[in-house]
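For reference, the chains in residue letters:
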Amino acid sequence: MERTLIILKPDAVQRQLVGRIIGRFEDKGFKIVGAKLRRIPRQTLERHYSDHKGKPFYQRLLAFMSKDPVVILALEGKNAIAVCRKMMGATFGSKADAGTIRGDFGISDSFNLIHGSDSPEAAAKELQLFFDTDELVSYDIISAPWIYDEDELVEPPSLPRTPP
Ligand code: IDP
Ligand code: MG
């Protein structure tokens, strides 16, 4: 089991695609363990996108991402990081395969609807940046025994239970 950080970008919120995008992750079997609607402060975005500092699109990216609210999610499931990236599709809407979120809902190379952590290191950093520890909630979903086989359901010690 893994956790990943997903952001439904301002274009997804403005185009009222939030429910449909979250629905895809729920349909796949992911569990929502954190969720909030926020306008992200510029300072937080500078930390989030520090790898892109200096690139030609950097300033426009920060302006786009800070202007309007986003939906921030923490999703939990088997291979969550890689599977969510696959469901998102390639970075540019014009290149993303049909059947992916970016491929089905957008065509822009900048307004590409969704962010997802791209590695375990990025997921750890981004989950910490956007969620306080007590904002991530551990709980069981009743369909879990039908989403996973028994041997897949064992939670590693790295995902501590939230005390009742
Ligand atoms: P990713 O979101 O698929 O991981 P990254 O290369 O990490 O893609 O880029 C971060 C974000 O910056 C993209 O999702 C997109 O919004 C924006 N971006 C990346 N490359 C370009 C570009 O060439 N033009 C405009 N925006 C870009
Ligand atoms: Mg990236």
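Structure report, in brief.

### As for the sheet that holds strand S1 (residues 2-8)
- Sheet architecture is open: 4 strands sit in the order S2-S3-S1-S4, paired in antiparallel fashion. The outermost strands of the open sheet, each flanked by one partner alone, are strand S2 (31-38) and strand S4 (114-116). Neighbour-to-neighbour, the strand axes of this sheet turn through a mean angle of 15 degrees, independent of strand direction.
- Relative to strand S3 (residues 70-77), S2 is paired through 7 bridges, and the arrangement is antiparallel. Residue pairing across strands places alanine 35 opposite leucine 73, the latter belonging to S3.
- Against the sheet, helix H5 (residues 80-88) touches S1, S3 and S4, its axis set at about 30 degrees to S1.

### Some points on the packing of aromatic side chains
- Applying the stated rule across the entire model yields 2 aromatic pairs.
- Taken together, a centroid distance of 4.5 Å and an interplanar angle of 25 degrees make the contact between phenylalanine 64 and phenylalanine 111 stacked. Here the residue phenylalanine 64 occupies a position in helix H4 (residues 58-67), and phenylalanine 111 occupies one in the loop between helix H6 (101-105) and S4, the gap between them amounting to 47 residues.
- On the basis of relative accessible area, phenylalanine 111 is assigned to the partly exposed category, the value being 47%.
- Lying over the aromatic face of tyrosine 139, lysine 31 brings its terminal NZ or CZ to 5.3 Å of the ring centre.

### Describing the site of ligand 1
- Neighbouring ligand 1 are Lys9, Tyr49, His52, Phe57, Leu61, Arg85, Thr91, Phe92, Arg102, Asp109, Ser110 and Asn112.
- Arginine 85 is positioned with one of its side-chain polar atoms (N or O) 2.9 Å from an oxygen atom of ligand 1.
- One of the backbone N or O atoms of serine 110 is found 3.1 Å from an oxygen atom in ligand 1.
- In the complex, 78% of the free accessible area of ligand 1, which totals 530 Å², lies under the protein chains.
- Split by residue class, the shell around ligand 1 holds 4 nonpolar, 4 polar and 4 charged.

### Thoughts on the pairing of S1
- For S1, the tally of buried residues reaches 6 of 7 residues, placing the bulk of the element in the interior.
- Taken together, the 3 bridges between S1 and S4 define a ladder with antiparallel strand orientation. Paired with leucine 8 across the bridge in S4 is isoleucine 114.

### Observations concerning the environment of histidine 52
- For histidine 52, the position within the fold is in the loop between helix H3 (42-48) and H4.
- Relative accessible area serves as the criterion here: at 24%, histidine 52 is assigned to the partly exposed category.
- Along the primary structure histidine 52 and tyrosine 139 are separated by 87 residues, whereas in three dimensions their C-alpha atoms are 35 Å apart.
- The residues contacting histidine 52, other than those within four sequence positions of it, are Phe57 and Tyr58.

Parameters and conventions
- Residues numbered from 1 in each chain as written.
- Chains lettered and ligands numbered in written order.
- Predicted model: local features only at pLDDT ≥ 70, side-chain atom pairs only at ≥ 80, totals over all residues.
- Heavy atoms only, no water.
- Pairing = 2+ DSSP bridges.
- Helix = DSSP H or I, 4+ residues; strand = E, 2+ residues; numbered from the N terminus.
- Axes fitted to C-alpha atoms, helices over the stretch in contact; angles between N-to-C directions.
- Contact = heavy atoms within 4.5 Å.
- Phe/Tyr/Trp six-rings, centres within 6.5 Å; stacked < 30°, edge-to-face > 60°.
- Buried < 20%, exposed > 50% of the residue type's maximum accessible area, 1.4 Å probe, protein only.
- Lys NZ or Arg CZ within 6 Å of the ring centre and 35° of its normal.
- Near = heavy atom within 4 Å.
- Polar contact = N/O pair within 3.5 Å; in protein donor to acceptor, adjacent residues only side chain to side chain.
- Areas by Shrake-Rupley, 256 points an atom, 1.4 Å probe, with all protein chains shown as cover.
- Nonpolar A, V, L, I, M, F, W, Y, C, P; charged D, E, K, R; others polar.

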